[in-house]
Protein chains: 2
Amino acid sequence: MISICLIGAGNVATHLYNAFKHSDHLTVKQWYNRDLSKISTYKNEVVITNAIEDLQIADVYLMAINDDAIGALSAALPFNDRLVIHTSGSVGIHELDKKLKRGVFYPLQTFSKEAPVDFSNVPICIETLDKADIGTLKTLAEAIGSKWYRVNTEQRQTLHLSAVFVNNFTNQLYRIAHEISDAKNIDFDILKPLIMETAKKVQTVSPYMAQTGPAVRNDKKTIKRHLKLLENPNHKTLYQLLTASIKKTHGK
Amino acid sequence: MISICLIGAGNVATHLYNAFKHSDHLTVKQWYNRDLSKISTYKNEVVITNAIEDLQIADVYLMAINDDAIGALSAALPFNDRLVIHTSGSVGIHELDKKLKRGVFYPLQTFSKEAPVDFSNVPICIETLDKADIGTLKTLAEAIGSKWYRVNTEQRQTLHLSAVFVNNFTNQLYRIAHEISDAKNIDFDILKPLIMETAKKVQTVSPYMAQTGPAVRNDKKTIKRHLKLLENPNHKTLYQLLTASIKKTHGK
C-alpha cells in the first residue's frame, strides 16, 4: 500500500485524486491546497489542509500545481529526504528542492474539468533522480491502470512539445475547418467522422504511410483551387506552409 | 431496388462495390473499368466490362474515377438522359456532360486500400441538378448505412478543402511530432492516446471550446522554451504561425 499526500487542486490533481481513491493499492492520506475552499467538498473522505507545516508522513508527495510554483513550494516543504514528485511536462526534475528525493509523474493526456478520466488511456512519463524510487512511481501508475514510460527530462520536454503539435495545433486545424465550413453554412458534423478516422489511422500506421491528399500527390491543380477558395490570408499561409511541409517529408 | 453500373476500379469504387453488394436494396448490374484486369477477380459475382458501348440500362451510373477523367468519360457514355453521378469532392456537377441527368455522391472519408470500410461512418454529400433525382441518391446512401447531407458544389468544394485541414494537415502535424520524438528516442506510442482524445473531444465540444495549451494561455515562457527545443527551421515557423493563429482565434 502506497500512501500519498496530494498537493494542488487543479484538473490533474482532482482527476488523480479520483483515480487514487478507487485503487486498492493506494491511499490518499492528505490533500493540501493553499485555498481550502477548492477541496472542501472532499473533507468527509480525506484529510484536507491548507497548512504546509501540517503535512503528515507519506510515501509520496505528489505536487500537481502550476509550473511556476513547483520550485518554491518544494523548498517550503517542512521535511527532507522524502519522495516528492511533480506532474509537469516541462519543469526539470532539478527544479524540485535538492533537500528532497525527487521524481516526475507526467500524465500525457488532455483533461477537461467535467469529463471523468479513464487512466488506462493516459500514458504516464516517469522519472526519478534516485533509481531506488522508480518502483514506487511504476506502482503508482499501474495502480490507476496507466501505462508508464521511463523518460528523462529532455525527452519529457520533447513530449510536451510534441503534444502541442498533436493536440493544440491539431485542434486549431479543426477550428480553421470549422470557420471555413461555417462561412458556407456547412454542418461541421460532416467532418467529424473524418477527424476520428484520421486519428485512428495513425494508431496502427505511421503518419508517413498514412498521408494522402493533394500535397503528397503534388496535385497542383487542386492546391491552386484550394488557395483560391481560402479567403483568410492567415489560412492561406498555413495551407502553403503545411503543403510545403508534406512535400518536403515525401520528397516531392 | 436500385440498379447500378459502377465505373472505375480505385479505392472508392472498390469499397462502394463491396458496400453495394451487401445491400438488399441495391444491385450492381455491371462494373466497367478501362483496364479489365483490375476487376477481373469479381467476374464471378458481377458482369464486368471494359467496353463503354456495352453499358446496360441502369438506374444510376456511378463514376468513381480520377477528377481529370470525369468530363471526357461522361461525354463518351453511349446514352442520354440517364442519371450519372461522380464521387469527387472538387469537380463541379456541370463538368458532367450536359446530355445526362447529373448528380454527385461524395463520400467524405479517408479510405485505405486494405482496411474494410464501415459506411455508417462515412457521410455522403449529395447533389443533383434535377430535384427529382435526389431521392435516388438518398436511397443509395441509406442502403449502405451512410448519413447523407445535401450540399451544393461550392459547399462540397469547401468541405474538400476543410478535409485537407482536418486530415492531410493534421496528419502532417502527427508526422512532425513523430520526427521530433524519434530524434530523442521517444516511443511514438506515448502520443497515440492524446491523438485519439484530441479527435474525440471535438465530437461533442467545439474546437474553440476544446482549445488548451501555451498559445491560448499566452504562456510566453513555455512558447519560448518550445521554440528553443525545435531544431528544424520549418517546424519553428509552423509553431510560430499556429501559435499566432490560436492567439488570434482567442483574442490574445
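Every value quoted in this text rests on a predicted model; they were computed, and no experiment measured them.

**Re the overall build of chain A**
Moving on, step 1. Scanning chain A from terminus to terminus reveals nine helices and eight strands.
Moving on, step 2. Relative to the 2.2 N^0.38 estimate, which gives 18 Å for 252 residues, the radius of gyration of chain A is 23 Å and therefore markedly larger than a compact globule would have.
Moving on, step 3. In chain A, which comprises 252 residues, the proportion classed as buried is 58%.
Moving on, step 4. Counting contacts in chain A only where the partners sit at least 6 residues apart, residues at least 24 apart contribute 53% of the total.
Moving on, step 5. Carbon and sulfur atoms form 48% of the exposed surface of chain A, whose accessible area is close to 10900 Å².
Moving on, step 6. A distance of 11 Å separates the average location of the 31 positive side-chain charges in chain A from that of its 25 negative side-chain charges.

**Points about the pattern of salt bridges**
Moving on, step 1. Under the counting rule described, the total for this entry stands at 18 salt bridges over all chains.
Moving on, step 2. Ionic pairing is found between A:Glu179 and A:Arg175, a salt bridge with its closest N-O pair at 3.0 Å. One end of the pair is A:Glu179 and the other is A:Arg175, both in helix α4 (residues 153–182) and four residues apart, which spans about a single turn.
Moving on, step 3. Overlapping salt bridges, with partners in common, bring together A:Glu154, B:Lys184 and B:Glu231 in one network.

**Thoughts on the pairing of strand β1 (residues 2–7) of chain B**
Both faces of the sheet carry side chains from a regular strand, because those side chains alternate between them.
All names here are of chain B.
Moving on, step 1. With six of six residues buried, β1 is to be regarded as a mostly interior element.
Moving on, step 2. Bridging between β1 and strand β2 (residues 26–32) involves six bridges; their strand directions are parallel. Across the sheet, residue Ser3 finds its bridge partner in β2, namely Thr27.
Moving on, step 3. What joins β1 to β2 is helix α1 (residues 11–21), and the crossover it makes is right-handed.
Moving on, step 4. Where β1 meets strand β4 (residues 60–63), four bridges bridge the pair, whose relative direction is parallel. Residue pairing in the sheet places Ile4 in a bridge with Val60 of β4.

**Observations concerning the relation of the copies chain A and chain B**
Moving on, step 1. Mapping chain A onto chain B leaves a residual RMSD of 0.0 Å; the transformation is a rotation of 180 degrees accompanied by 0.0 Å of translation along its axis. Taken together, the rotation angle and the small translation identify this as a two-fold axis. Considering only C-alpha atoms, the part of chain A nearest the rotation axis is A:Thr170, at 2.7 Å.
Moving on, step 2. By residue overlap, the copies meet face to face through one surface: 100% of the interface positions of chain A are interface positions in chain B.

**Comments concerning the sheet that holds strand β3 (residues 47–49) of chain B**
Residues and elements named next belong to chain B.
Moving on, step 1. Strand order across the open sheet formed by eight strands is β3-β2-β1-β4-β5-β6-β7-β8, with mixed pairing between neighbours. If you trace the sheet from one side to the other, it starts and ends with β3 and β8 (148–150), each paired once. When strand polarity is set aside, the average angle formed by the axes of neighbouring strands in this sheet is 25 degrees.
Moving on, step 2. In this sheet, strand β6 (residues 101–107) lies alongside strand β5 (residues 83–86) in parallel orientation, the contact comprising four bridges. Bridge pairing in β6 places Leu83 opposite Lys101.
Moving on, step 3. Against the sheet, α1 engages β1, β2, β4 and β6, with an angle of about 145 degrees to β2.
Moving on, step 4. Packed onto the sheet, helix α3 (residues 134–143) meets β1, β2, β4, β5, β6, β7 (124–128) and β8 and runs at close to 165 degrees relative to β7.

**Overview of the domain arrangement of chain A**
Residue and element names in this part refer to chain A.
Moving on, step 1. In terms of domain boundaries, chain A breaks down into domain 1 (2–151) and domain 2 (156–249).
Moving on, step 2. Note on domain 1 versus domain 2: buried area summed over both sides is about 730 Å², and carbon and sulfur give 55% of it.
Moving on, step 3. Counting the surface domain 1 buries against domain 2, the share from its top three residues, Gly89, Ser90 and Tyr106, is 44%.
Moving on, step 4. Viewed at the interface, domain 2 and domain 1 are joined by one salt bridge.
Moving on, step 5. The shortest N-O distance in the salt bridge between Arg156 and Glu127 comes to 3.0 Å.
Moving on, step 6. Applying the counting criterion to the domain 1 and domain 2 interface returns four residue pairs in polar contact (both at pLDDT 80 or more).
Moving on, step 7. Looking at the side of domain 1 that touches domain 2, its residues break down into seven nonpolar, six polar and one charged.

**Observations regarding the packing of aromatic side chains**
Moving on, step 1. Scanning all chains against the criterion turns up 16 aromatic pairs over all chains.
Moving on, step 2. Here B:Phe165 and B:Phe169 contribute two aromatic rings whose centre-to-centre distance is 5.1 Å and whose plane-to-plane angle is 80 degrees, an arrangement assigned as edge-to-face. Residue B:Phe165 and its partner B:Phe169 are located together in helix α4 (residues 153–182), separated by four residues, close to a single helical turn.
Moving on, step 3. Connected via pairs of aromatic rings, a cluster forms that spans A:Tyr17, A:Trp31 and A:Tyr42.

**Re the side chain of B:Thr158**
Moving on, step 1. Its location among the elements puts B:Thr158 in helix α4.
Moving on, step 2. When its relative accessible area of 2% is taken as the criterion, B:Thr158 is described as buried.

**Description of the interface of chain A and chain B**
Moving on, step 1. Taken together, the contact between chain A and chain B spans 85 residues of the former and 85 residues of the latter.
Moving on, step 2. At the surface where chain A touches chain B, the tally comes to four salt bridges.
Moving on, step 3. The shortest N-O distance in the salt bridge between B:Glu154 and A:Lys184 comes to 3.0 Å.
Moving on, step 4. At the junction of chain A and chain B, the tally comes to 32 residue pairs in polar contact (both at pLDDT 80 or more).
Moving on, step 5. Of all elements in the fold, only α4, α5 (192–201), α6 (207–210), α8 (220–229) and α9 (233–249) of chain A reach the threshold of two or more residues within the side of chain A that touches chain B.
Moving on, step 6. Here the residues of the side of chain A that touches chain B are counted per class, giving 39 nonpolar, 32 polar and 14 charged.

**Some words on unusual backbone geometry**
Residues and elements named next belong to chain A.
Moving on, step 1. Even without a glycine there, the phi angle at Asp81 is positive, about 60 degrees.
Moving on, step 2. Position of Asp81 relative to the elements: it lies in the loop between α2 (70–76) and β5 (83–86).
Moving on, step 3. Backbone geometry at Asn185 places phi at a positive 60 degrees, although glycine is not the residue there.
Moving on, step 4. Relative to the elements of secondary structure, Asn185 occurs in the loop between α4 and α5.

Calculation notes
- Residues numbered from 1 in each chain as written.
- Chains lettered and ligands numbered in written order.
- Predicted model: local features only at pLDDT ≥ 70, side-chain atom pairs only at ≥ 80, totals over all residues.
- Heavy atoms only, no water.
- Helix = DSSP H or I, 4+ residues; strand = E, 2+ residues; numbered from the N terminus.
- Rg over C-alpha atoms; globule rule 2.2 N^0.38 Å.
- Buried < 20%, exposed > 50% of the residue type's maximum accessible area, 1.4 Å probe, protein only.
- Contact = heavy atoms within 4.5 Å.
- Areas by Shrake-Rupley, 256 points an atom, 1.4 Å probe, with all protein chains shown as cover.
- Lys, Arg positive; Asp, Glu negative; His and termini not counted.
- Charge placed at Lys NZ, Arg CZ, Asp CG, Glu CD.
- Salt bridge = Lys/Arg side-chain N within 4 Å of Asp/Glu carboxyl O.
- Pairing = 2+ DSSP bridges.
- Right-handed = clockwise from strand over helix to strand, strands pointing away.
- Least-squares fit on C-alpha atoms with pLDDT ≥ 70 in both.
- Axes fitted to C-alpha atoms, helices over the stretch in contact; angles between N-to-C directions.
- Domains from an automatic or database assignment.
- Buried area = accessible area lost by both parts, 1.4 Å probe.
- Polar contact = N/O pair within 3.5 Å; in protein donor to acceptor, adjacent residues only side chain to side chain.
- Nonpolar A, V, L, I, M, F, W, Y, C, P; charged D, E, K, R; others polar.
- Phe/Tyr/Trp six-rings, centres within 6.5 Å; stacked < 30°, edge-to-face > 60°.

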